[in-house]
Amino acid sequence: MLLSPFEWTITRRYMMPGKGEGFIALVAGISVGVVMLSVALLVVVMSVMNGFRGELLDRFVSLNGHAIIQAYGGRLQDWEEILEEVRDTPGVVSASPLIEQPLLMTFNGRVEAVNVRGNTQQDIAKLGENLVQGNLSAITPESGKVAIGSRLAMNLGARIGDTVTVLNPQGRATPFGTVPRQVGYEVAALIETGVYDFDQVFVIMPIKDAQTLLLTGDSIGLIEVETTDAEDVGRILAPLEPRLQGRAVINDWRTINSSIFEALEVERVAMFFALSMIVVVAAFNILSSLVMLVRAKTRDIAILRTMGATRRNILKIFVTTGTVIGAFGTLSGLALGFLILYFRQGISGGIQAMTGATLWDPSVRFLTELPARVDPAEVIGICLLAMGLSFLATLYPALKASGTDPVQVLRYE
């Protein structure tokens, strides 16, 4: 909808506060502010929710891949053959054998529940980006060295070089009953994945040492699989299901962490719906400011009509006025939203320092930092929503203004 020079001149005049029109200008300013805040809130909240989901997925995948093939009974025999079949499946990037078992760990009288993971040397080396202290290359088969999570080390009071004891309740049978198996390991490295629940339970050791600890022989419990597309992992691994029938089951990342990701999706939709109501409120503010502007400019509109302005001219003038208010608020909201996202950690820390409240508890939120990922398509959708509602809010007052009868208005002038 292009404006003629005449229409644009009148539009600019109506967007400037005139004499005695301070209240109308105030309402218009409030409309801009509400649109700005609503857009900023939507951008910030949706980006944080996307970041939370994305970070959780990345960190879960870094530990468990996009899917795991879990053996019935916890032991997968002849796993080398299955591993080769998995690696030869189209769409599979990598596949690694894995042992994972919940056990107990003690140190200086303290006892913690842990999750012992037996990894290949290649997988242990990949944890280098999560290394906090120590040396991962020292963790080799039969070296008696392990890596533990930073939170676990803090809970136990263990440091690099200390010897921790892992207890396996399923020990060896003796004439006096089953004796739990106790094996001491030297802490060679501390790792931090950023997922609180992982960092307080995981113990990483070579797969051969895990087999010795758990007395499983040459069998493994899981095969970790990474594919080309996390969202399409089910279709990629579907051809393997008939071959694994009765031996193992395939669980992808959605199934493994279903409760977390389903809760996130529900929360995401609910937050978007709730915050969208603020945009609706902003649209009503634009509507009210334009209604007041039309009432204040009734005489001017009548004069314009007598001078040759058409109903279409008047309609375009007031639609443009309201739409510009919405556009200015939307652009300001985008700038404010990106500014908040950029300084989100500092803002969160400042609020915590002032109020004394913990806004981001890693034991509840899983991650140690407030994440954010901006989805361009989502940002465009938010802008279109704000602009669309702003445009709809202009229609009634613009139609009312274009329907003004100059004869009735100027009869007694």
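Below: a short report on this structure. Given the structure is predicted, the values throughout are model-derived calculations rather than measurements.

Reading the values: the criteria
- Residues numbered from 1 in each chain as written.
- Predicted model: local features only at pLDDT ≥ 70, side-chain atom pairs only at ≥ 80, totals over all residues.
- Heavy atoms only, no water.
- Salt bridge = Lys/Arg side-chain N within 4 Å of Asp/Glu carboxyl O.
- Helix = DSSP H or I, 4+ residues; strand = E, 2+ residues; numbered from the N terminus.
- Buried < 20%, exposed > 50% of the residue type's maximum accessible area, 1.4 Å probe, protein only.
- Axes fitted to C-alpha atoms, helices over the stretch in contact; angles between N-to-C directions.
- Parallel < 35°, antiparallel > 145°, perpendicular 65-115°, else oblique.
- Left-handed = near helix turned anticlockwise from the far one by under 90°.
- Contact = heavy atoms within 4.5 Å.
- Nonpolar A, V, L, I, M, F, W, Y, C, P; charged D, E, K, R; others polar.
- Pairing = 2+ DSSP bridges.
- Phe/Tyr/Trp six-rings, centres within 6.5 Å; stacked < 30°, edge-to-face > 60°.
- Core = buried A, V, L, I, M, F, W, Y, C linked by side-chain atoms within 4.5 Å.
- Patch = residues over 30% accessible without salt bridge, like charges linked within 9 Å, V, L, I, M, F, W, Y side chains within 5 Å.
- Areas by Shrake-Rupley, 256 points an atom, 1.4 Å probe, with all protein chains shown as cover.

One side chain can pair with another of opposite charge once the charged atoms of both are near each other. The full count for this structure, using the stated rule, is six salt bridges. Here Arg87 and Glu84 are joined by a salt bridge, their closest N and O atoms 3.7 Å apart. You can see Arg87 and its partner Glu84 sitting in helix α3 (residues 79-87), three residues apart, about one turn around the helix. With relative accessibility at 42%, the residue Glu84 sits in the partly exposed group. The salt bridge involving Asp123 is made with Lys126; its shortest N-O contact spans 3.8 Å. Classification of Lys126 as exposed rests on a relative accessible area of 54%. What emerges from the salt-bridge pattern is a single network uniting Glu100, Arg117 and Glu224.

The packing of two helices is summarised by the inter-axis angle and the distance between the axes. Contact geometry of helix α13 (residues 311-342) with helix α16 (residues 376-402) gives a least axis separation of 8 Å together with a crossing angle of 155 degrees. Judged by the inter-axis angle, α13 sits roughly antiparallel to α16. Judged by the sense of rotation from one axis to the other, the crossing of α13 with α16 is right-handed. Residues Arg311, Ile314, Leu315, Phe318, Val319, Gly322, Thr323, Gly326, Ala327, Thr330, Leu334 and Phe338 of α13 form the contact with α16, whose participating residues are Val379, Cys383, Ala386, Met387, Ser390, Phe391, Thr394, Leu395, Ala398, Leu399, Ala401 and Ser402. Within the contact of α13 with α16, the residues separate by chemical class into 16 nonpolar, seven polar and one charged.

Take the packing of helix α1 (residues 5-15) against helix α12 (residues 298-306) next. Close contact between α1 and α12 brings their axes to 13 Å; oriented N to C, the two are set at 170 degrees. The orientation of α1 relative to α12 falls into the category roughly antiparallel. Contacts between α1 and α12 involve Phe6, Ile10 and Tyr14 on the former and, on the latter, Asp300, Ile301 and Leu304. By residue class, the composition of the contact of α1 with α12 is five nonpolar, no polar and one charged.

Moving on, we get to the pairing of strand β3 (residues 110-119). The pairing of strand β2 (residues 92-107) with β3 spans nine bridges and is antiparallel. Counterpart to Met105 in the pairing with β3 is Glu112. The antiparallel hairpin formed by β2 and β3 contains two residues in its connecting segment, where Asn108 sits at a positive phi of about 55 degrees. Where β3 meets strand β8 (residues 202-206), five bridges bridge the pair, whose relative direction is parallel. Note that in β8 the partner of Asn119 across the bridge is Pro206.

What follows concerns the packing of aromatic side chains. Throughout the structure, instances matching the rule amount to two aromatic pairs. Judged by centre distance (5.2 Å) and plane angle (80 degrees), the ring pair of Phe198 and Phe202 falls under edge-to-face. For Phe202, a relative accessible area of 5% gives the class buried. Geometrically, the ring pair formed by Tyr342 and Phe343 is edge-to-face, given 4.8 Å between the ring centres and 85 degrees between the ring planes. When its relative accessible area of 45% is taken as the criterion, Phe343 is described as partly exposed.

The next point concerns the nonpolar core. Grouped together as the largest cluster of nonpolar side chains are 91 residues, with contacts concentrated most on Met105, Ile148, Val203, Ile223 and Phe318. The element contributing the most residues to this core is helix α2 (residues 22-64), with 15 residues. Other than its neighbours up to four places away in sequence, Ile223 contacts Ala67, Ile68, Ile69, Leu76, Trp79, Ile82, Leu83, Ala95 and Ser96. In this structure, Ile124, Ala188, Ile191 and Ile204 belong to the second largest nonpolar core, which totals nine residues.

The subject of this paragraph is a nonpolar patch on the surface. Together, Leu339, Tyr342, Phe343, Ile347, Ile351 and Met354 make up a nonpolar patch on the protein surface, roughly 670 Å² of accessible area in all. Every element with two or more residues in the nonpolar patch is listed here: α13 and α14 (344-355). Tracing the chain through its elements places Ile351 in helix α14. Accessibility expressed as a relative area gives 33% for Ile351, which makes it partly exposed.

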